[in-house]
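Coordinate inspection notes
The residues making up each chain are set out below.
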Amino acid sequence: MPINPPEGMITGRKLLLRPEVLGTFLASLLLFAIMTPSTVAARQPVSESDIQAVFLYNFATFIRWPTTAFHDTTGDFCFCTLGEDDVTSVLPSVIRGESVSGRRLVHRPLGRDDSWRECHIVYLASQFSPGSREQEKTHQADPILTVSALPGFAGRGGHIELGLKNSRVHPIINDSSIRRSGLSVSSQLYRLATVLQS
């Protein structure tokens, strides 16, 4: 569904955070979204799934993983998706050709019984197998960020829920769950989000 993009948003085929706007922007909102060429030409609103996908991309920058989460200093950073929805359709085009801290960003769809061991972020789609909750429990102490737009996801122990606030995508962070996983969230992202303790 169409959604209001953050104020001051820059539009284009792929929108990434520019260093010159980082400081002032993150004090209030994340300043990026993605638009396809046809969407730009038609001047249509950015969709909710577009913005959610770019939030996922930027979590790779604003969350720190321990060195033990990687095989080596140049290994890939893996975005895994479980199930299918509009976000999983958009995400591959968002991360294609991109890198963070010298690590190439790659996308890997997961089946219900696939291991999460190679994943750094796991996005649970709106339509996914209930059996994945067992995987969440299995990896709750591992440095794997779990993200979903499912209502109540953070309250149930998920790391970040992509909720809505005033018709804008708004992250809800379960701080206790993230800390148990050995991940470190930037102060900028904390200021942006609603933070839960569990």
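The following refers to the structure shown. Each chain carries its own residue numbering, running from 1 in the written order of its sequence. The model is predicted, so local features are restricted to residues of pLDDT at least 70 and side-chain atom pairs to those at 80 or more, both for listing and for counting; the totals for chains, interfaces and linings are taken over all residues. As a rule here, side-chain values come from all non-hydrogen atoms in the structure, and water together with hydrogens is ignored.

Some points on the overall build of the protein
The following threshold applies: Helix and strand assignments follow DSSP, with helices taken as H or I runs no shorter than four residues and strands as E runs no shorter than two, numbered in order from the N terminus. Summary of the burial criterion: residues with accessible area below 20% of their type's maximum are buried, those above 50% are exposed, and those between are partly exposed, where the area comes from a 1.4 Å probe applied to protein chains only. Should any heavy atoms of two residues lie within 4.5 Å, those residues are counted as being in contact. Surface accessibility follows the Shrake-Rupley procedure with a 1.4 Å probe radius. Residue values consider only the protein chains on display as shielding.
Regarding its fold elements, the protein presents seven helices and ten strands. For the protein, the residues scored as buried account for 51% of the 198 residues in total. Nonlocal contacts in the protein, meaning residues at least 24 apart in sequence, comprise 58% of its contacts between residues at least 6 apart. Element-wise, carbon and sulfur atoms account for 50% of the exposed surface of the protein, whose accessible area totals about 9,700 Å².

What about the pattern of salt bridges?
Any two side chains of opposite charge can pair, on the condition that their charged atoms come close. Basically, it comes down to this: When a carboxyl oxygen of Asp or Glu is within 4 Å of a side-chain nitrogen of Lys or Arg, the pair counts as a salt bridge.
A full pass over the atoms with the stated rule returns three salt bridges. In this structure, Asp-175 and Arg-179 form a salt bridge, with 2.8 Å as the shortest nitrogen-oxygen distance. With Asp-175 and Arg-179 both in helix H6 (residues 175-180), this residue pair falls four residues apart, about one helical turn. Using a relative accessible area of 6% as the deciding quantity, one classes Asp-175 as buried.

Quick word on the environment of Phe-79
Within the secondary structure, Phe-79 sits in strand S2 (residues 77-82). Counting along the chain gives 66 residues from Phe-79 to Leu-145, while the straight-line C-alpha distance between them is 9.6 Å. In this view, Phe-79 contacts Leu-56, Tyr-57, Ala-60, Leu-91, Ile-95, Leu-105, Val-106, His-107, Arg-108 and Ile-121; residues no more than four positions away in its chain are not counted.

Section: the state of the cysteines
Short version of the rule: Working definition: a disulfide is two cysteine sulfur atoms within 2.5 Å of each other.
Counting across every chain of the model gives one disulfide. In this model Cys-80 forms its disulfide with Cys-119; the gap between the sulfur atoms is 2.0 Å. Note on the Cys-80 and Cys-119 pair: the S-S dihedral is about -90°, so by sign convention the disulfide is left-handed. With Cys-80 in strand S2 and Cys-119 in the loop between strand S4 (103-110) and strand S5 (121-124), the pair connects residues that are 39 residues apart, well separated along the chain. Accessibility expressed as a relative area gives 1% for Cys-80, which makes it buried. For Cys-78, which is in no disulfide, the shortest distance to another cysteine sulfur is to Cys-80 and amounts to 3.6 Å. Given the relative accessible area of 8%, Cys-78 is considered buried.

What to know about helix H4 (residues 86-95)
Heads up, the rule is: What the arc covers is the set of directions going from the helix axis to the C-beta atoms.
Taken as a whole, H4 has its buried residues at Val-87, Thr-88, Val-90, Leu-91, Val-94 and Ile-95. For H4, the angular spread of the buried residues around the axis is 165°, confining them to a single face. In H4, the exposed residues that point more than 90 degrees away from the buried face are Asp-86 and Ser-89. Those residues of H4 that are buried are in contact with helix H3 (48-62), S2, S4 and S5.

Notes on the pairing of S4
The cut-off we apply is this: Think of it this way: DSSP has to see at least two bridges between two strands before they count as a pair.
With six bridges joining them, S2 and S4 adopt parallel strand pairing. Bridge pairing in S4 links Thr-81 to Pro-109. Hairpin connection between strand S3 (residues 99-100) and S4: a loop of two residues separates the two successive antiparallel strands, and Ser-101 in this loop has a positive phi of roughly 55°.

Points about the packing of H3 against H4
Applicable threshold: Axis angles are defined between N-to-C directions and span 0 to 180 degrees, where every axis is a line fitted to C-alpha atoms and, for a helix, only to the segment in contact. Angles are sorted into four bins: roughly parallel if under 35 degrees, roughly antiparallel if over 145, roughly perpendicular if 65 to 115, and oblique for all others. Less than a right angle of anticlockwise turn of the near helix away from the far helix marks a crossing as left-handed, whereas a clockwise turn marks it as right-handed. In the scheme used here, Gly and all other residues not listed as nonpolar or charged are polar, with Ala, Val, Leu, Ile, Met, Phe, Trp, Tyr, Cys and Pro taken as nonpolar and Asp, Glu, Lys and Arg as charged.
It is at 8 Å that the axes of H3 and H4 come closest, and there the two elements cross at 50°. It follows that H3 is oblique to H4 by the angle criterion. Classified by chirality, the crossing of H4 by H3 is right-handed. Of H4, the residues touching H3 (which contributes Ser-49, Asp-50, Gln-52, Ala-53, Val-54, Leu-56 and Tyr-57) are Asp-86, Val-87, Val-90, Leu-91, Val-94 and Ile-95. For the contact of H3 with H4, the per-class residue count stands at nine nonpolar, two polar and two charged.

What to know about the side chain of Gln-52
By secondary structure assignment, the location of Gln-52 is in helix H3. The contacts of Gln-52, once residues within four sequence positions are left out, are Val-87, Ala-149, Leu-162 and Val-169.

Quick look at the sheet that holds strand S6 (residues 145-148)
Reading across from one edge, S3-S4-S2-S5-S6-S7-S8-S10 is the order of the eight strands in this open sheet, with mixed pairing throughout. A strand with exactly one partner marks an edge of an open sheet, and here the two such strands are S3 and strand S10 (194-196). Seen against the sheet, H4 touches S2, S4 and S5 and runs at an angle of roughly 160° to S4.

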